Amino acid sequence: MDISLILFKKDGAKKVFPVRNKATTIGRGVECDLCIPLQVVSRKHCQLSLEPNALKIRDLKSSNGTFVNGSKIDGEATAMPGDRIQIGPLIFTLQVDGQPADIIAPDDALIKLTPDTANADPEEMDRSATFTG
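Starting afresh in each chain, residues are numbered from 1 along the sequence in its written order. With the structure being a predicted model, the display of local features is reserved for residues of pLDDT at least 70 and the display and counting of side-chain atom pairs for 80 or more, all residues being used for whole-chain, interface and lining totals. The basis for the side-chain values is all heavy atoms of the structure; hydrogens and waters are excluded.

A. Focus on the nonpolar core. Among buried residues, those of type Ala, Val, Leu, Ile, Met, Phe, Trp, Tyr and Cys that are joined through side-chain atoms within 4.5 Å constitute a nonpolar core. For each residue, the accessible area found with a 1.4 Å probe, counting protein chains only, is set against the maximum for its type, and the residue is called buried under 20%, exposed over 50%, and partly exposed in between. Counting residues in each nonpolar core, the largest one holds 25 residues, and the members touching the most others are Leu5, Ile26, Ile36, Ile57, Ile87, Phe92 and Leu94. Only strand S1 (3–8), strand S2 (14–19), strand S5 (46–51), strand S6 (54–59), strand S9 (76–79), strand S10 (84–87) and strand S11 (90–96) provide two or more residues apiece to this core. With 4 residues, the single largest contributor to this core is S11. Excluding residues that lie within four positions of it along the chain, Ile57 makes contacts with Cys46, Gln47, Leu48, Thr66, Val68, Ile73, Gly75, Glu76, Ala77 and Ile85. Strands are runs of DSSP state E lasting at least two residues, helices are runs of H or I lasting at least four, and both sets are numbered from the N terminus onward. The contact rule is simple, with two residues in contact once any of their heavy atoms fall within 4.5 Å.

B. Representation of the side chain of Gln95 within the structure. Residue position: Gln95 is located in strand S11. Residues adjacent in sequence count toward polar contacts only when both atoms are side-chain atoms; beyond that, a polar contact is any pair of N or O atoms within 3.5 Å, and within protein one must be able to donate a hydrogen and the other to accept it. A polar contact is formed between the side chain of Gln95 and the backbone oxygen of Pro100, at a distance of 2.9 Å. Setting aside residues no more than four positions away along its own chain, Gln95 makes contact with Asp2, Ile3, Ser4, Ile6, Pro100, Ala101 and Ile103.

Nothing here speaks to function; it is all geometry.
Below is the structure:
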């Protein structure tokens, strides 16, 4: 299964983060597979897990929560191609085996801003994000 997280920059350009591990940890900690260096992101925020017939996303008891398609997940959810995964102020679109083929920038209405995320700059995060997976 070919899995990617797609992030759109403010200028409309997109950045692709390929997910290559069976389990991918996302968070602020340097030990995470996808490191998002923002204070509003927990050290170990969430995890993507490839299971036999599904891709699961699990919130790792993060402070601000993990959202799928604008709804906060409680524990774990099944992720589908085209789903929007929000971690802090960032919204990634999930692409699985090239689907959906046409990915457009997320609607700003999906973003659930909290006082901590309101001033975060996704463009700054994009310049400093590291993906080791």
